Amino acid sequence: MIALFDWMNPDPSLFVEGGPVSLRPPRGSDYRAWAELRTHSRDFLQPWEPAWPHDDLTPAAFKRRLSVYAHEIEVGGAYPFFVYRAEDQALVGGVTLSNIRRGVAETATLGYWIGRPFIRRGYGTAAVQAMCAFGFERLKLHRIEAACLPTNTASRAVLTNCGFEHEGEARAYLKINGEWRDHLLFGLIRDEASG
């Protein structure tokens, strides 16, 4: 039963507030809202994301996802959070710091998505700002990297509005919707991050 995974957020410091949004790791009780938002946003999201497995929106797949998330948080390799509208706690999307590399790098990769009903309302920018603050202040990262497709003007705007610098382009960087695609690369360094 998915509700068994509601133990996943025992650490209150894994709750992040950021203006119009709040962030926290997903719980089993989030399944229905997550599946509905992803279903209604499928056509909008698929051009920008890896191909979805055939069972991606099932309860069993969500349970597996939560298990992976819990392990990633436990070992400090990634912090996958859902994004909620602060005023009513409606699920609006997700944001993740992944591929966390310690030692001489102290770097992570940022990824995010916002469901179709909630686009162009500032939730993506607020979520990225809040996650970067979490990464720099709580995780003590030095650098956060992000990438987006050159045609994803909304994602580019989120990154530049959050202080990320365009650093170049990577050819055939990620397999998006079944095809290897070039990406623009962005970076944000702690000492240059605002607020």
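> For this particular structure, what's the right way to read the overall build of the protein?
Tallying secondary structure elements over the protein gives 4 helices and 8 strands in all. Over its C-alpha atoms the protein spans a radius of gyration of 16 Å, differing by no more than 12% from the 16 Å that the globule rule assigns to 195 residues. Across its three principal axes, the protein shows a C-alpha extent of roughly 45 × 35 × 30 Å. Counting over 195 residues, the protein shows a buried share of 45%. Long-range pairs, those at least 24 residues apart, make up 59% of the contacts in the protein between residues at least 6 apart in sequence. Positive and negative charge centroids in the protein, built from 22 and 23 side chains respectively, lie 3 Å apart.

> Explain the sheet that holds strand E2 (residues 21-24) to me, please; I cannot follow it from the model alone.
Pairing between the strands of a sheet is mediated by backbone hydrogen bonds and can be parallel or antiparallel. With mixed pairing, the 8 strands of this open sheet are ordered in space as E1-E2-E3-E4-E5-E6-E8-E7. Either end of the sheet is taken by a strand with one partner, and the two such strands are strand E1 (16-18) and strand E7 (165-176). Strand-to-strand twist of the sheet, defined as the mean angle between neighbouring strand axes without regard to direction, takes the value 30°. Pairing analysis gives 6 bridges linking strand E6 (residues 143-148) to strand E8 (residues 179-189), with the strands arranged antiparallel. When the bridges of E8 are listed, Ala-147 appears paired with Leu-185. This element, helix H3 (residues 123-138), spans E1, E2, strand E3 (79-85), strand E4 (91-101), strand E5 (107-114), E6 and E8 of the sheet and lies at about 35° to E4.

> How should I be thinking about the nonpolar core in this particular structure?
In summary, soluble globular proteins display a tendency toward joint burial of nonpolar side chains. If you look at the biggest cluster of nonpolar residues, it comprises 51 residues, and the most contacted ones within it are Leu-23, Leu-110 and Phe-164. Counting residues per element, this core draws most heavily on H3, which supplies 9 residues. For Leu-110, the contacting residues outside a window of four places in its chain are Val-95, Thr-96, Leu-97, Val-128, Met-131, Ile-144, Glu-145, Ala-146, Leu-159 and Phe-164.

> Where do I start with the pattern of salt bridges in this structure?
Two side chains with opposite charge may pair up if their charged atoms get near one another. Taken as a whole and judged by the stated rule, the model has 9 salt bridges. Between Asp-55 and Arg-64 there is a salt bridge, with the nearest N and O atoms lying 2.7 Å from each other. Exposure remark for Arg-64: the relative accessible area of 46% places this residue in the partly exposed category. Note that Glu-167 is salt-bridged to Arg-143, the shortest N-O span being 2.5 Å. Pair noted here: Glu-167 is in strand E7 and Arg-143 is in strand E6, with a separation of 24 residues, a long-range link.

> Is there a simple way to explain the side chain of Arg-24 in this structure?
Looking at the element boundaries, Arg-24 is found in strand E2. Owing to a relative accessible area of 10%, Arg-24 belongs among the buried residues under this scheme.

> How should the pairing of E4 be read in this particular structure?
The side chains of a regular strand alternate, first on one face of the sheet and then on the other. Sheet analysis places E3 next to E4, joined by 6 bridges and oriented antiparallel. The residue of E4 that forms the bridge with Val-83 is Gly-93. Counting the residues that bridge the hairpin from E3 to E4 gives 5 residues, and of these Gln-89 lies at a positive phi of roughly 60°. Relative to E5, E4 runs antiparallel, the two being bridged by 7 bridges. What sits directly across from Gly-93, in E5, is Ile-114.

Here is what the cut-offs are and how they apply
Residues numbered from 1 in each chain as written. Predicted model: local features only at pLDDT ≥ 70, side-chain atom pairs only at ≥ 80, totals over all residues. Heavy atoms only, no water. Helix = DSSP H or I, 4+ residues; strand = E, 2+ residues; numbered from the N terminus. Rg over C-alpha atoms; globule rule 2.2 N^0.38 Å. Buried < 20%, exposed > 50% of the residue type's maximum accessible area, 1.4 Å probe, protein only. Contact = heavy atoms within 4.5 Å. Lys, Arg positive; Asp, Glu negative; His and termini not counted. Charge placed at Lys NZ, Arg CZ, Asp CG, Glu CD. Pairing = 2+ DSSP bridges. Axes fitted to C-alpha atoms, helices over the stretch in contact; angles between N-to-C directions. Core = buried A, V, L, I, M, F, W, Y, C linked by side-chain atoms within 4.5 Å. Salt bridge = Lys/Arg side-chain N within 4 Å of Asp/Glu carboxyl O.

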